[in-house]
Amino acid sequence: MSEDSKKLSSLERVELAARDLGLDISIKRMEQSTRTAEEAAKAAGCAVGQIVKSLVFVNAETNSLTLLLVSGAHNADTAHISTTYGIRLKRADIDRVRDETGFAIGGVGPIGHRVNLPVFIDESLLSYDQVWCAAGRPDSIFACDPKILAEKIGAKVIRVKPS
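Since we're looking at a predicted model, the values are computed, not measured. (Residues numbered from 1 in each chain as written. Predicted model: local features only at pLDDT ≥ 70, side-chain atom pairs only at ≥ 80, totals over all residues. Heavy atoms only, no water.)

Engineer: How should the environment of His 113 be read in this particular structure?
Structural biologist: Examined against the element boundaries, His 113 turns out to sit in the loop between helix H5 (94-101) and strand E5 (119-122). The class of His 113 is buried, set by a relative accessible area of 10%. For the pair His 113 and Lys 147, spaced 34 residues apart in the sequence, the C-alpha separation amounts to 20 Å. In this structure the side chain of His 113 is engaged in a polar contact, spanning 2.8 Å, whose partner is the backbone oxygen of Gly 109. (Helix = DSSP H or I, 4+ residues; strand = E, 2+ residues; numbered from the N terminus. Buried < 20%, exposed > 50% of the residue type's maximum accessible area, 1.4 Å probe, protein only. Polar contact = N/O pair within 3.5 Å; in protein donor to acceptor, adjacent residues only side chain to side chain.)

Next comes the structure, spelled out in structure tokens:
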């Protein structure tokens, strides 16, 4: 992301990233909060499983931030992810998340970060034709095809919990 784009609002960064990636999205500002998966599902009128939680962790090996895109119906099992994929994740400090991604917790989107992050996507999200993602604010979301999103951002498909 260029220095100029780092000065944009979080919503503008999401819009710019979508345009740069060729993702056709329409950001919706909601009257109610979309901070939690349940709130976002209610606002979007969809199943909780269709909500994309953008969870930022620290990779314990590299100390770099890593993004997990997880279904709103799931919790990421970091022990399972470590055992299965060899990625040891630990909780990220909220100030670091804001400083490096440009997003506050509750509004972290899958695109538009200030820095490039490795991205992993919950395989269950790919079972939907449409999912809803945070758009940079805790009251803004956008819909997209999860398969196209995963392809455009180079996300590695993983199982976030044991079957």
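Having seen the structure, we can now continue with the description.
Engineer: Honestly, the packing of aromatic side chains in this entry has me stumped. Any pointers?
Structural biologist: Each pair of aromatic rings is reported with the distance of its centres and the angle of its planes. Inspection of every chain in the model, using the stated rule, returns zero aromatic pairs. The cationic tip of Arg 13 hangs over the ring face of Phe 103; the distance from NZ or CZ to the ring centre is 4.8 Å. (Phe/Tyr/Trp six-rings, centres within 6.5 Å; stacked < 30°, edge-to-face > 60°. Lys NZ or Arg CZ within 6 Å of the ring centre and 35° of its normal.)

Engineer: Could you clarify how one ought to interpret the side chain of Ser 140 in this entry?
Structural biologist: Turning to its location among the elements, Ser 140 is positioned in strand E7 (residues 140-144). For Ser 140, a relative accessible area of 0% puts it in the buried group. Contacts of Ser 140, omitting those with residues within four sequence positions, involve Leu 11, Ile 27, Lys 28, Arg 29, Thr 34, Cys 133, Ala 134 and Ala 135. (Contact = heavy atoms within 4.5 Å.)

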